[in-house]
Amino acid sequence: NAGVTQTPKFQVLKTGQSMTLQCAQDMNHEYMSWYRQDPGMGLRLIHYSVGAGITDQGEVPNGYNVSRSTTEDFPLRLLSAAPSQTSVYFCASRRGISTDTQYFGPGTRLTVL
Amino acid sequence: SQQGEEDPQALSIQEGENATMNCSYKTSINNLQWYRQNSGRGLVHLILIRSNEREKHSGRLRVTLDTSKKSSSLLITASRAADTASYFCATDRGDDKIIFGKGTRLHILP
């Protein structure tokens, strides 16, 4: 199993551009989530999904959209990038209930100029 | 707002010593999890303790949970250079959201 994969690894955007961060898992996990990590701030939850077709907001959802059309994929969309969205983005997944082990992807480092 | 707060923010100890990190949280939880993050990498799940448990062990790791004080501690015994990393606590409040603290940076000195 590849586990949780994220693409791209690095990305530089200009203010106002849009892009999609990709996340995929091959473990048939129902639960997937997106976090951003900023220096000194730990990880903050952006959006999460408890299964295909179901998404919900986390702590910092503004400026981000998600969809979950398949169990495997959970893309994160930035519609109009802002410098405040410069961060490292991590995708995570777990099988289902909250006591299941959560697995993280390697992260995408995004810079918005 | 973030649920967990780790203490200390940074910790340096000699190899072979024990390292203790603490986590305090604000609201009732179903379980609390500890993760490790090596520099520039994703997080790795270390251990989970449920709200009805008081202590849990995994290898050199020992986690305690005091729900009356809303706090948890992670003890790493006989530290090694490879333990150098950031450690995060994360809480599950039963609402499908896993909320992380800001982390403790642990540096093991040779």
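For the structure, check the block above.
Residues numbered from 1 in each chain as written. Chains lettered and ligands numbered in written order. Predicted model: local features only at pLDDT ≥ 70, side-chain atom pairs only at ≥ 80, totals over all residues. Heavy atoms only, no water.

## Considering the overall build of chain A
Let me state the cut-off plainly: Helical segments are the DSSP runs of H or I of at least four residues, strand segments are the runs of E of at least two, and each set is numbered from the N terminus. Categorising residues by exposure relies on relative accessible area from a 1.4 Å probe, with only protein chains included: less than 20% of the type maximum marks a residue as buried, more than 50% marks it as exposed, and the intermediate range marks it as partly exposed. The contact rule is simple, with two residues in contact once any of their heavy atoms fall within 4.5 Å.
From N to C terminus, chain A includes zero helices and eleven strands. Starting at the N terminus and walking to the C terminus, you meet the elements of chain A as β-β-β-β-β-β-β-β-β-β-β. Considered along the principal axes of its C-alpha atoms, chain A spans approximately 40 × 30 × 25 Å. Out of the 113 residues belonging to chain A, those deemed buried represent 49%. Taking as baseline every contact in chain A between residues at least 6 positions apart, the subset at least 24 positions apart corresponds to 53%.

## Points about the interface of chain A and chain B
Definition in use: Each of two parts loses accessible area, computed with a 1.4 Å probe, when they are put together; buried area is these two losses added. The term salt bridge refers to a side-chain nitrogen of Lys or Arg lying within 4 Å of a carboxyl oxygen of Asp or Glu. Definition of a polar contact: a pair of N or O atoms within 3.5 Å, with one able to donate and the other able to accept a hydrogen when the atoms are protein atoms, and with sequence-neighbouring residues admitted only if both atoms are side-chain atoms. Gly is placed with the polar residues, together with every amino acid not listed as nonpolar (Ala, Val, Leu, Ile, Met, Phe, Trp, Tyr, Cys and Pro) or charged (Asp, Glu, Lys and Arg).
Taken residue by residue, the interface counts 22 residues in chain A and 22 residues in chain B. When the area that chain A buries against chain B is broken down by residue, the three leading residues are Leu43(A), Glu59(A) and Thr99(A), summing to 25%. Counting across the chain A and chain B interface gives zero salt bridges. At the boundary of chain A and chain B, one finds four residue pairs in polar contact (both at pLDDT 80 or more). When residues in the side of chain A that touches chain B are grouped by element, the largest group, six residues, is from strand E5 (residues 42-51) of chain A. Looking at the side of chain A that touches chain B residue by residue, the classes come out as ten nonpolar, nine polar and three charged.

## Quick word on the nonpolar core
A general feature of soluble globular proteins is that nonpolar side chains tend to end up buried together. Operational definition: By convention a nonpolar core is built from buried Ala, Val, Leu, Ile, Met, Phe, Trp, Tyr and Cys residues, the set being connected through side-chain atoms within 4.5 Å.
One finds Leu32(B), Trp34(B), Leu74(B), Ile76(B), Tyr87(B) and Leu106(B) to be the most contacted residues of the largest nonpolar core, which totals 22 residues. With four residues, the single largest contributor to this core is strand E3 (residues 19-25) of chain B. Residues Val4(A), Leu13(A), Leu21(A) and Leu110(A) belong to the second largest nonpolar core, which totals 18 residues.

Geometric values such as these leave the question of function open.
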